[in-house]
Amino acid sequence: MKRTILLFGSLTIALLLLFQVSKYSLWHQPSHLEFYIVCIGLLFIGIGIALSRFFTKKNIYNPTGTPIPNSTQIPKEIDQAKLKETGLSKREYEILLLIADGLSNNEIAQQLFISESTVKTHVSKILSKLDAKRRTQAVQISRSLKII
C-alpha cells in the first residue's frame with residue numbers, strides 16, 4: 001500500500017514539474033499546445049500500461065485450459081488419462097480445484113459468477129463421477145488419481 005502511494009505521489013510531482021518546465025520552454029506558443037496535450041496523453045497511456053502490468057496477476061492454467069485458482073498448489077503432474085477416464089467436464093474440474101482449495105459453494109459461486117444452485121449441481125455430478133460421498137472424499141480420490 002505504501003509503495004502505491006509513493007508511486008502515485010511521485011507521478012503527480014513529475015506531472016507538476018512537467019507543467020512548470022513547459023512554461024519556460026522555447027516552444028511555448030499557442031500552435032504547439034496540441035503537441036503538449038498529445039505528449040501528456042501518451043505519457044499517461046504509458047503509465048497506465050506499466051501500472052496494469054505491475055498490478056495484474058498472471059493466471060496459471062492447467063492442462064484442461066482452466067485457470068488454477070491458487071497458484072501455491074500448482075499440480076506438478078496431472079494424469080490426463082485418469083482425468084479423461086473420470087469424465088469430468090472443464091467446469092466440473094475447475095470447481096473440483098476450488099473445492100480442493102477449501103472454498104464453500106457460495107464462495108465458488110461468487111468467484112465463477114454463477115448461482116449457488118448451479119455449483120451444487122456441479123458438485124453432485126463431481127461426487128457421482130468420482131464415486132464419493134462427501135467433498136473431502138472427492139478431493140482425496142482426485143489426489144490419489146493425481147488429477148489435482
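Look above for the structure.
Keep in mind the model is a prediction, meaning the values are calculated, not measured.

Caption draft 1: How the structure looks around the overall build of the protein. Counting its secondary structure elements, the protein contains seven helices and zero strands. By residue count, 26% of the 148 residues in the protein fall in the buried class. Roughly 10,700 Å² of accessible area belongs to the protein as shown, and the carbon and sulfur atoms make up 62% of that amount.

Caption draft 2: Region of interest: the packing of helix H6 (residues 116-130) against helix H7 (residues 135-144). Across the interface, H6 lies against H7 with an axial gap of 10 Å and an inter-helix angle of 50°. Here H7 runs oblique to H6, going by the angle between their axes. When you trace H6 past H7, the crossing you get is left-handed. Residue-level contacts link Val123, Leu127 and Leu130 of H6 to Arg135, Ala138, Ile141 and Ser142 of H7.

Caption draft 3: View of the nonpolar core. Counting residues in hydrophobic clusters, the biggest one holds 23 residues, and the most contacted among them are Leu88, Ile95 and Ile108. Within the residue set of this core, elements represented by two or more residues are helix H4 (90-100), helix H5 (105-112), H6 and H7. Ranked by residues supplied to this core, first place goes to H4 with seven residues.

Caption draft 4: Summary view of the environment of threonine 121. Mapping threonine 121 onto the fold places it in helix H6. In this structure, the C-alpha to C-alpha distance between threonine 121 and glutamate 92, residues 29 residues apart in sequence, is 9.7 Å. Within polar-contact distance, the side chain of threonine 121 engages the backbone oxygen of serine 117 at 2.9 Å.

Caption draft 5: Seen up close, the side chain of histidine 122. Structurally, the position occupied by histidine 122 is in helix H6. If we skip the residues at most four places from it in the chain, histidine 122 touches Arg91, Glu92 and Ile95.

What counts and how
Residues numbered from 1 in each chain as written. Predicted model: local features only at pLDDT ≥ 70, side-chain atom pairs only at ≥ 80, totals over all residues. Heavy atoms only, no water. Helix = DSSP H or I, 4+ residues; strand = E, 2+ residues; numbered from the N terminus. Buried < 20%, exposed > 50% of the residue type's maximum accessible area, 1.4 Å probe, protein only. Areas by Shrake-Rupley, 256 points an atom, 1.4 Å probe, with all protein chains shown as cover. Axes fitted to C-alpha atoms, helices over the stretch in contact; angles between N-to-C directions. Parallel < 35°, antiparallel > 145°, perpendicular 65-115°, else oblique. Left-handed = near helix turned anticlockwise from the far one by under 90°. Contact = heavy atoms within 4.5 Å. Core = buried A, V, L, I, M, F, W, Y, C linked by side-chain atoms within 4.5 Å. Polar contact = N/O pair within 3.5 Å; in protein donor to acceptor, adjacent residues only side chain to side chain.

Keep in mind these values describe shape, not function.
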